[in-house]
Amino acid sequence: MFLSILSCLLTQVLVRRLRWNSVKASASVTLLFYGMFMFLESSYYIDTSNYLKVVFGASFAGMTKVEISWISTSFIIGVLFWLFFTWVFPYLPYQGGALGFSAFLSVLTYKKLSILLS
Amino acid sequence: MIIIWRTLIKVSKIEFIESIYTLIFTCLGFYSTYFLIEMNYNSILSSALIGFSGCLLCGKKCLNYKLGSEVIYCSSFAAIGVKEILNSHVEISILLILLTVVFITSKNVYRGFGGKLGTIAFITTYIIGSVLSFP
């Protein structure tokens, strides 16, 4: 869950603060974490394949355009993505699209919840 | 075929050129990711690399197509995990055409939603996968 929130927040930071294109931000976050995980894998023999999927998927969720309170929004979307990744993703075929679909579901759930609660 | 397409869908010249651009970028993103995966690179690394290079490519003035980087990133998602279901280039071509159509039609829907590109890739691969596995 921590990785999911971190990846989502980092993508938002790159988009909002550095004015990067959302695609560039998402890809950069994934590449950055891939480097880190490769180092961990080679040094400590930890299997990081699932962690990379979480980072990749959460970076899609971080591509969302948020107008106000982006930190709390990214945090909630990150948590929601982790929930969808744990409970929905294992049942979906075609990994690449399924990750994006999980991210989309988390963003959609957040938007609908925020409308319902406001 | 192009004339039939233009007559059937009745698109303006700009929209038509945009859809051709979309198809070209879809092929570019899909095949480059597909070949990287074929060369035994990590599928997620391949997709991220292609997405990043797509951004750098579409930033240049000679290819100043607004949605270029998005199309490339979207098609790179579709390339992950399709190796098992698609065996021939004909099947891949059908997937790419469908991906282009879905991308163009959903251009103005759910704008700014994260995961939209992944969902487009998921829907397309799911449709093609279901059709091909149908007995």
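Computed from a prediction, not measured in an experiment: that's the story for all the values here.

## Describing the overall build of chain A
When its secondary structure is counted, chain A shows five helices and zero strands. Beginning at the N terminus, the succession of helices and strands in chain A can be written as α-α-α-α-α. For a compact globule of 118 residues, the expected C-alpha radius of gyration is about 13 Å, and chain A comes in at 14 Å, within 12% of that figure. Counting only C-alpha atoms and orienting by the principal axes, one finds that chain A spans roughly 50 × 35 × 20 Å. A buried classification covers 48% of the 118 residues belonging to chain A.

## Considering the overall build of chain B
In terms of regular secondary structure, chain B is built from six helices and zero strands. Scanning chain B from its N terminus toward the C terminus, one meets helices and strands in the order α-α-α-α-α-α. Within chain B, the proportion of its 135 residues that are buried is 40%. A separation of at least 24 residues holds for 66% of the contacts in chain B among residues at least 6 apart in sequence.

## Some remarks on the interface of chain B and chain A
If you look at the interface, chain B gives 29 residues, while chain A gives 30 residues. When residues of the side of chain B that touches chain A are assigned to their parent elements, the largest contribution, nine residues, is made by helix H6 (residues 116–133) of chain B. Its residues placed into classes, the side of chain B that touches chain A shows 16 nonpolar, 11 polar and two charged.

## A few points about the nonpolar core
Ranked by size, the top nonpolar core spans 63 residues in total, and within it A:Ala61, A:Phe81, B:Cys74 and B:Ala78 carry the most contacts. The element contributing the most residues to this core is helix H5 (residues 95–117) of chain A, with eight residues.

## Quick notes on the environment of A:Pro93
Within the secondary structure, A:Pro93 sits in the loop between helix H4 (70–87) and H5. Of the residues examined, A:Pro93 has 14 C-beta atoms within 10 Å and is grouped as partly exposed. Setting aside residues no more than four positions away along its own chain, A:Pro93 makes contact with A:Ala98 and B:Gly129.

## Considerations on the confidence of the model for chain A
When the pLDDT values of chain A are averaged, the result is 83; 97% of them are 70 or greater. By mean pLDDT, the top-scoring element of chain A is helix H2 (residues 22–44) of chain A (86), and the lowest-scoring one is H5(A) (84).

## Notes on helix H1 (residues 2–16) of chain A
Compared with an ideal rise of 1.5 Å per residue, which puts 15 residues at 21 Å, H1(A) spans 21 Å between its outermost C-alpha atoms and is within 8% of the ideal. Turning to H1(A), the residues buried within the fold contact H2, helix H3 (49–61) and H4 of chain A.

## Describing unusual backbone geometry
For A:Arg19, which is not glycine, the phi dihedral falls at a positive 55°. Phi at B:Asn40 takes a positive value of approximately 65°, unusual for a residue other than glycine. The residue B:Asn40 is located in the loop between helix H2 (13–38) and helix H3 (43–58) in this model.

## Regarding the packing of helix H4 (residues 68–79) of chain B against helix H5 (residues 89–105) of chain B
All names here are of chain B. H5 packs onto H4 with a crossing angle of 135° between their chain directions and a minimal axis gap of 11 Å. Regarding the angle of H4 to H5, the classification is oblique. Pair H4 / H5 crosses with right-handed handedness. The residues of H5 that touch H4, namely those facing Val71, Cys74, Ser75 and Ala78, are Leu95, Leu99 and Phe103.

## What to know about H3(A)
All names here are of chain A. Helix length check: H3, at 13 residues, gives a terminal C-alpha distance of 19 Å against a target of 18 Å (1.5 Å per residue), a fit within 8%. Of all 13 residues making up H3, 10 are buried, and the element is well covered by its neighbours. Along H3, the positions that sit buried rather than exposed are Leu52, Lys53, Val54, Val55, Phe56, Gly57, Ala58, Ser59, Phe60 and Ala61.

## Things to note about the packing of H1(A) against H2(A)
Residue and element names in this part refer to chain A. The contact between H1 and H2 brings their axes to 9 Å, and the two run at 135°. The angle between H1 and H2 places the two elements in the oblique class. Helix-helix and strand crossings are classified by hand; for H1 and H2 the assignment is right-handed. The residues of H2 that touch H1, namely those facing Ser7, Leu10, Thr11, Leu14 and Val15, are Ser22, Ala25, Ser26, Ser28, Val29 and Phe33. Looking at side-chain class alone, the contact of H1 with H2 contains six nonpolar, five polar and no charged residues.

Conventions and cut-offs
Residues numbered from 1 in each chain as written. Chains lettered and ligands numbered in written order. Predicted model: local features only at pLDDT ≥ 70, side-chain atom pairs only at ≥ 80, totals over all residues. Helix = DSSP H or I, 4+ residues; strand = E, 2+ residues; numbered from the N terminus. Rg over C-alpha atoms; globule rule 2.2 N^0.38 Å. Buried ≥ 20, exposed ≤ 12 C-beta atoms within 10 Å, placed from the backbone. Contact = placed C-beta atoms within 7 Å. Nonpolar A, V, L, I, M, F, W, Y, C, P; charged D, E, K, R; others polar. Core = buried A, V, L, I, M, F, W, Y, C linked by C-beta atoms within 7 Å. pLDDT = per-residue confidence, 0-100. Expected span 1.5 Å × (residues − 1). Axes fitted to C-alpha atoms, helices over the stretch in contact; angles between N-to-C directions. Parallel < 35°, antiparallel > 145°, perpendicular 65-115°, else oblique. Left-handed = near helix turned anticlockwise from the far one by under 90°.

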